[in-house]
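Here is how the chains run, residue by residue.
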Amino acid sequence: MPTLTIHQDGRTHPFAFTGTPTLGAALLAAGFAVMQPCGGRGTCGQCSVLSLTGAVCPPTPAELRAGVRLACQAVLLGDATVALQPHQPWTAIETATPTAAKQPSAARKAIFAGAAAPFQANQTAAWHAADGIRQPLTGNDQAAIATPQAAEGLPPAGIATSMPTAHLAGTQPNPSAAAAPSGASDERMPMPGAYGAAIDLGTTTLVARVYDLRTGALLGEHAAVNPQAAIAADVMGRISYALAGGLATLRDLAQGAIRAAVANACRAAGIAGVQAQVVAGNTVMLYLLTGRDPAALATAPFVPDTLFGNTLLLDGVPTYLPPCAGAFMGADLTCAAMATGLCDAPGTALLCDIGTNGELMLWHAGLLHAASAPAGPAFEGGQISQGVGGIMGAIDRVWVEGAALGVHMLGGGKPVGVCGSGLIDAVAAFLQLGRINASGAADAPSLPLAEGIALTAGDVRAVQLAKAAMAAGIRMLLRAAGAQQADVRQVLLAGGFGSHLSVASAAAIGLIPYALAPRTRAVGNASLAGAALLLLDSGRRAQAERIAAQAKVLQLGGDEAFEGMFLQEIGFPAAEEGDGE
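Throughout this document, residue positions are counted from 1 along each chain, in the order its sequence is written. Local features in this predicted model are restricted to residues whose pLDDT is 70 or higher, and side-chain atom pairs enter the listing and the counts only when it is 80 or higher, whereas totals over whole chains, interfaces and linings include all residues. Only heavy atoms go into the side-chain values, all of them from the structure, while hydrogens and water stay out.

**Student:** How do you make sense of the packing of aromatic side chains when you look at a structure like this?
**Tutor:** Given two aromatic rings, one states the distance between the centres and the angle between the planes to describe the pair. Aromatic pairing here means that ring centres of Phe, Tyr or Trp (its six-membered ring) are within 6.5 Å. Orientation follows from the plane angle: under 30 degrees is stacked, over 60 is edge-to-face, and everything else is tilted. One pass over the full model with this rule turns up 3 aromatic pairs. Aromatic pair Tyr287 and Phe308: ring centres 5.6 Å apart, planes at 85°, arrangement edge-to-face. Taken together, the positions of Tyr287 in helix H7 (residues 283–289) and Phe308 in strand S9 (residues 308–314) put the pair 21 residues apart, joining distant regions of the chain. This pair shows no difference in class: Tyr287 is buried, exactly as Phe308 is. Relative to Phe566, the ring of Phe562 has its centre 6.4 Å away and its plane inclined at 35°; by these criteria the two rings are tilted. Placement of both Phe562 and Phe566 in helix H15 (residues 560–569) is noted, with a separation of 4 residues, approximately one turn of the helix. Here, over-ring charges are defined by two tests on the NZ atom of lysine or the CZ atom of arginine: distance to the ring centre within 6 Å, and angle to the ring normal within 35 degrees. It is Arg214 that lies over the ring of Tyr195; its NZ or CZ is 5.2 Å from the centre. Residue placement shows Arg292 over the ring face of Tyr287; its charged tip is 5.9 Å from the ring centre. Secondary structure elements follow DSSP: runs of H or I of four or more residues count as helices, runs of E of two or more count as strands, with numbering from the N terminus. Buried, partly exposed and exposed residues are distinguished by accessible area as a fraction of the type maximum, computed with a 1.4 Å probe on protein chains only: under 20%, between the cut-offs, and over 50%, respectively.

Structure (structure tokens):
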């Protein structure tokens, strides 16, 4: 039996394999997941290795173009030795949950009391008081606001002046929605056991939090990368892999990742384990987690054969999977809507989870509308020539300094690539400098950001396609609800990308309409917050079920109106937009 000898971070790991697998498949089986955001097509270069010797196929055309051996392309023919890139843990996985303006129940108090403040290092008071457009801060301004940016030499980030809250301004939580056993809003029904875990299973990352079910106290947490990303960056890629015979592999990866995350959170908490769990995730993630055939999600009309809202045993632990609203509007969106009090808003409110599978919910005139926009992995660094996740050395902030650019890297040091928030900032900065025009054309084949890091025309195009999908989705949702941009009182950005996004940069590239930018704020990992609410008060399941059931799902795929709006949104805004659909 041939052996693959794996070298990484000064350690050697022999792994015996059979057949002639790709290097990526062998590494995955050996427990060394290598990210392949392009789905193994050899186009992103993110699975490159330092060296590969032994019985291996000759370099493929994709590898010859990249000038490196790629794990998704190289095929093992016998004994081989590979040296992997140094392990880079993610540093920017969003674990912060919203802070609450008013929380009547014990469960809600426990969740928000244990939550850290949203990631302030990337979100501070830099909106111009008059028009919400980001302006350079003067020395006096910096001294007055005393933000982390001022201390670290970071640029203004363009977010609203107040910290995000779980409930929309002016709203009151609905006590009856909690379905407390005696009708008292302060009573709760935690899932059985002494300790429980709330888990947000995202397409790219996952977070587990462990709670004392008796007191509601947060005890520990752990964040990690979803290892399924080594197979494909987006849900459609994983569906294809599952239908080709890889369902069991995807199931085992998801369950193993949850098992490890909960174990690490328990270790941090000093407890042996949990007796109950709630897992929030999009519909596809829940299908793959449970090993359910996703064929119903692969083709139109995309009618799932289950929307979950049930309890099963996962590693012997009772695990509740919250209900989904549709094929691509998952339990994560249901939980986020519940945690933010979206359906208690007195006016129109828009909830956006911007990511590989962009999810949208609009509350207007007492009705809830939902849609999913296929943004793709660009916002998370996927399919970008030098894109990376939120790892050490990732460029996460870019700003204009005179006629040049300033950049900030996570953890400092030498830049290794650009992550999603830095990518949006970079495109906005190049637009500001006139190096990219409204059509997306650049004045040079390569646009340098820092030493060894640059954007290509393909990168700019990937951003255009991703932001056009989200912008068109917002317009379609407003149209379906009979609402205008002027009706929207607040836009809530949920999830990791939204929590690190500069709203000013998002408006500059047309991801968020200019008119809505001053009303936009991040709410952290609202999916995780909703999962924790359900863990600490199972009486809230009725509320989650009502949210999922009342959502009027708008199917965007194949809709000619959506396709027309998508084409209109590909260009970058030349000037501030007025009100519209």
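Next comes the rest of the write-up.
**Student:** Sorry, what's going on with the pairing of strand S5 (residues 195–201) here?
**Tutor:** Where a strand is regular, its side chains alternate between the two sheet faces. Summarising burial for S5: 6 of the 7 residues are buried, a large majority. Here, strands pair whenever DSSP counts at least two bridges between them. Of the strand pairs in this sheet, S5 and strand S6 (residues 205–212) are connected by 7 bridges, and their pairing is antiparallel. Its bridge partner lying in S6, Tyr195 is registered against Asp212. As consecutive antiparallel partners, S5 and S6 are separated by 3 residues. Note that S5 and strand S8 (residues 276–281) share 6 bridges and pair parallel. Its bridge partner lying in S8, Asp200 is registered against Ala280.

**Student:** What should I look at first to understand the sheet that holds strand S15 (residues 404–409) in this one?
**Tutor:** The strands making up a sheet are joined through hydrogen bonds of the backbone, oriented either antiparallel or parallel. Spatially, 3 strands are ordered S15-S14-S16 in an open sheet, and the strand pairing comes out mixed. Edge positions in the open sheet fall to S15 and strand S16 (417–418), since each of these has one partner strand only. Note: strand S14 (residues 394–401) against S16, 2 bridges, orientation parallel. The residue of S16 that forms the bridge with Ala394 is Gly417. Two residues form a contact once any of their heavy atoms are found within 4.5 Å. For helices, the fitted axis covers only the stretch in contact; all axes are lines through C-alpha atoms, and the angles between them, taken along N-to-C directions, range from 0 to 180 degrees. Packed onto the sheet, helix H9 (residues 420–433) meets S14, S15 and S16 and runs at close to 20° relative to S14.

**Student:** Teacher, can you tell me more about the pairing of S14 here?
**Tutor:** Among the 8 residues in S14, 6 count as buried, and that is most of the element. Looking at chain direction, S14 and S15 are connected through 6 bridges and run antiparallel. Of the residues in S15, the one forming a bridge with Ile395 is Met409. Counted between consecutive antiparallel strands, the loop separating S14 from S15 contains 2 residues, among which Gly402 sits at a positive phi close to 70°.

**Student:** I tried to follow unusual backbone geometry on my own but got confused; where do I start?
**Tutor:** For residues other than glycine, phi is negative in most cases, and the peptide bonds are mostly trans. Residue Pro301 follows Ala300 across a cis peptide bond; omega there is 10°. Structurally, the position occupied by Pro301 is in the loop between H7 and S9. Phi is positive for Asp9, which is not a glycine, with a value near 55°. In this fold, Asp9 is placed in the loop between strand S1 (3–8) and strand S2 (11–16). For Asp9, a relative accessible area of 49% gives the class partly exposed.

Bear in mind that shape data such as this cannot, by itself, settle questions of function.
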